Amino acid sequence: MDKRAADRRIKELREEINYHNYLYYVLDSPEISDAEYDRLMQQLAGLEKAYPPLITTDSPTQRVGAPPLEEFKSVTHTIPMLSLSNTETEEETLEFDRRIKRFLHLHEEMGIEYVAETKLDGLAVEVVYEGGILTVGSTRGDGFTGEDVTLNLRTIKTIPLNLIKRHEPAPERLEVRGEVFLKLRDFRELNRKREESGGQLFANPRNAAAGSLRQLNPNITAKRPLDIFFYGTGEVRGRRFETHWDVLNTLKSWGLKTNPLNRLCYGIGRVIEYYKEIGNMRDSLEYEIDGVVVKVNSLELQDRLGAVARSPRWAIAYKFEPRQGTTKILKIEAHVGRTGILTPVAIMEPVRIGGVTVSRSTLHNQDEIDRKDVRAGDWVLIQRAGDVIPEVVKVITSKRTGEEIPYRLPDRCPVCGSDALKEDVYYRCTGINCPAQLKERIRHFASRRAMDIEGLGEKLTEQLVDKRLVKNLSDIYYLTKGQIAALERMADKSAQNIIDAIEASKGRGLSRVVFALGIRHVGEHTGKVLAQRFGDIERLLSAREEELLETNEIGPEIAQSVIKFFSQDDNKKEIKRLRDAGIRFPIIQTAREGKLQGKVFVLTGTLKSWTRDEAKERIESVGGHVTSSVSENTDFVVAGEEPGSKARKAKELGVKIITEDEFLKML
Ligand code: IVH
């Protein structure tokens, strides 16, 4: 392709990519698959590589990769970024509406048109587009002057580098304002990673977003999944607006993401309804909001109303109840979860936080207690974010009397009395029949890849455990049809089906039983390894640590876990009862010399003929392996419909990608 043709194609590709970004991020309705999108990006990158002078800063390939800055420059906002005054009650909000009418000399019965929006708890930024191209981005700062964070804002995928001009041309200059935030899920994930690497945790999503945006190295920002909703403008040249609603819709048509929950409300009554509706949704939103913002829709009226001090008269933030509160810890208890982990829980004097009465809060683990130095009797600051369990933010040490009692988790399970072993930061109960764990263990035991007992689902398990018909795993094999038929929503026929399924599970073989027992660190694959090595449950029961360690793929962690498990008397009894019930422990040989012997597969996308598990079983039955991520060791990536990032990774590494049909032929 010659330079002129390349130039034309590059422009076409950029426009196409921008448009697909808009469909994906703003309208939330993509028209092409990830793979097709990647192809466009690769084509563009390829052409730009061949013709470097054609690279422009607004190309979608140029979001990341800028070198770190020494410091941020400052940016003066053309129009100051104001802040909002708050209301906290319905009465105060009604008074806001009355005040507006008084100021405008309107009749008090008249309804004002408002736009109601969610108030995101992130940080405000301003982005400038000149001729439709992003030129500068800054933080709010003190409202007059902020920091130049252009390079960082460019890494946020939901901020377009180029405005969309399909609906109307880009204005000569657009200063657009919005709130940068982190979704709750991403915030938790970020903190989890920081905890792993021993870094300081962010106190809340807002701090995490601010910390991520104010990085001198844009490559760090690029790794944080920041997002944005735009909610207004600064100076605009080359486009006039009548209403704020018009502003929001036009921003959206230019590809600037606005919040889909925004609503046009005729009269303050509608605003109050909106506030209540959003309040009910608050816990289920993906991001933190701390209220709703109410704005007069007419820009002419906004102008007439003006501002007092640094807040406009035409808008308010109608805040929700705060998510934090203080209370006293009455005692600290250890609770046993379904997986046997002992979790310290603070029992507190009830306190209302964000509309909910809170009287208990997780303290996570012993390390967390030690780090925050939480003691029974302490006054603490409690926080509730999203729908998560309330957390202790910090101890109010100034309120200490000296009577507070430090806490240590017990080394025995408070429910069943078995040893509680320390694993990383957790203590875990080792008793196989611990009632707290029983339901989860049954679920695992009966699951398809373990003993595969069809019909023994969550509902039935609940009843069996609650009615004390099953007190340990082996009891499953001593159930009678009469007992099952007497349970809720069970008929004679369904009870018989369950009995048949339980019977059928007895012949699944040693490796499945070993996996089904739920021994820590012993997954499906390790179950197979142990079964192959020891061949018999009795041999495995009496295996010594050295023998285990000599086994291929068995490290000290697994070895100790296996030894510990089989050394508990209860667990030994369980094995005997399973055997007495008729469970057979032969090794079911998996094909050792199959035609895909030793080949490593990764599955991605949706397969038409099989589920992932079925495909995995088939591959293993002819000697292959399936792993979850692509690496140099992968032999084939099987790409079903809408393959994801794994296919992309495979391309990068030069791993062979095959279609489902090719895969079927291979098998
Ligand atoms: S409008 C004069 N709309 O709240 C209008 N602000 O105290 C000023 N915020 O700094 C802003 N969501 O960071 C507006 N939908 C929204 C908002 C919003 C969050 C933040 C913004 C601003 C602060 C106002």
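What about the pattern of salt bridges?
- For the coordinates displayed, the defined rule picks out 58 salt bridges.
- With its nearest N and O atoms 2.7 Å apart, the salt bridge here joins E277 to R263. Highlighted residues: E277 in helix α9 (residues 268–281) and R263 in strand β9 (residues 263–266), separated in sequence by 14 residues.
- By relative accessible area, R263 is classed as partly exposed at 31%.
- We note a salt bridge from E524 to K616, for which the minimum N-O separation is 3.4 Å.

Looking at the sheet that holds strand β13 (residues 315–319)
- Spatial strand order, β2-β13-β10-β3-β9: five strands in an open sheet with mixed pairing. Only two strands of the sheet have a single neighbouring strand rather than two, namely β2 (85–87) and β9. Shown here is a sheet whose adjacent strand axes are inclined to one another by a mean of 35°, direction ignored.
- Direction of pairing for strand β10 (residues 289–296) relative to β13: antiparallel, over a ladder of five bridges. Within β13, the residue paired with G291 across the bridge is K319.
- Running at roughly 50° to strand β3 (residues 113–120), helix α8 (residues 244–253) makes contact with β3, β9 and β10 of the sheet.

Here we look at the packing of helix α3 (residues 90–104) against α9
- Running from N to C, α3 and α9 cross one another at 145°; their axes reach a closest spacing of 10 Å. Between α3 and α9 the crossing geometry is right-handed. On the side of α3, the interface is formed by E90, T93, L94, F96 and D97, while α9 contributes I268, I272 and K276.
- Along the lines of polarity and charge, the residues of the contact of α3 with α9 split into four nonpolar, one polar and three charged.

Details of the confidence of the model for the protein chain
- Model confidence for the protein chain is summarised by a mean pLDDT of 90, while 98% of its residues fall at 70 or above.
- Mean pLDDT per element in the protein chain: helix α22 (residues 612–621) is the minimum at 78, and strand β7 (residues 173–181) is the maximum at 98.

A look at the sheet that holds strand β26 (residues 656–659)
- The sheet built from four strands is open, its strands ordered β24-β23-β25-β26 with parallel pairing. Each end of this open sheet is capped by a strand with a single partner; those strands are β24 (625–626) and β26.
- Along the sheet, α22 makes contact with β23 (600–604) and β24, crossing β23 at roughly 165°.

Regarding the site of the ligand
- Taken together, 14 residues surround the ligand, and among them L84, E117, T118, E179 and K295 come closest.
- Between the ligand and L120 there is a distance of 3.2 Å, counted from a nitrogen atom to a backbone nitrogen or oxygen.
- Here a nitrogen atom of the ligand and a side-chain polar atom of K295 are 3.0 Å apart.
- Out of a free accessible area of 520 Å², the ligand has 86% covered by protein chains.
- For the shell around the ligand, the secondary structure elements donating two or more residues are β3 and β10.
- When residues in the shell around the ligand are grouped by element, the largest group, four residues, is from β3.
- Split by residue class, the shell around the ligand holds seven nonpolar, two polar and five charged.

Notes on empty space enclosed by the protein
- Counted according to the given criterion, the structure contains two cavities of 30 Å³ or more.
- For the largest cavity, the calculated volume is near 90 Å³.
- Each residue belonging to the lining of the largest cavity can be placed in one class, and the counts come to six nonpolar, five polar and two charged.

Section: the pairing of β13
- Across the five residues of β13, four count as buried, placing the element largely inside the fold.
- Two elements, β2 and β13, share three bridges in a ladder whose sense is parallel. Residue pairing in the sheet places T87 in a bridge with Y318 of β13.

Describing α22
- Within the sequence span of α22, burial applies to A615, K616, I619 and E620. In an axial view of α22, the angular spread of the buried residues amounts to 130°, which keeps them on one side of the axis.
- Residues of α22 that are buried make contact with α17 (524–534), β23, β24 and α24 (660–666).
- Where α22 terminates, the next one or two residues include G623, which has phi positive at roughly 95°.

Cut-offs used in this document
- Residues numbered from 1 in each chain as written.
- Predicted model: local features only at pLDDT ≥ 70, side-chain atom pairs only at ≥ 80, totals over all residues.
- Heavy atoms only, no water.
- Salt bridge = Lys/Arg side-chain N within 4 Å of Asp/Glu carboxyl O.
- Helix = DSSP H or I, 4+ residues; strand = E, 2+ residues; numbered from the N terminus.
- Buried < 20%, exposed > 50% of the residue type's maximum accessible area, 1.4 Å probe, protein only.
- Pairing = 2+ DSSP bridges.
- Axes fitted to C-alpha atoms, helices over the stretch in contact; angles between N-to-C directions.
- Contact = heavy atoms within 4.5 Å.
- Left-handed = near helix turned anticlockwise from the far one by under 90°.
- Nonpolar A, V, L, I, M, F, W, Y, C, P; charged D, E, K, R; others polar.
- pLDDT = per-residue confidence, 0-100.
- Near = heavy atom within 4 Å.
- Polar contact = N/O pair within 3.5 Å; in protein donor to acceptor, adjacent residues only side chain to side chain.
- Areas by Shrake-Rupley, 256 points an atom, 1.4 Å probe, with all protein chains shown as cover.
- 1 Å grid on protein atoms, 1.4 Å probe; cavity = no way out; pocket = protein on both sides within 12 Å on 5 of 7 lines; lining within 4 Å.
- Points joined across faces, edges and corners; volume = space filled by probe spheres on them.
- Arc of directions from axis to C-beta.

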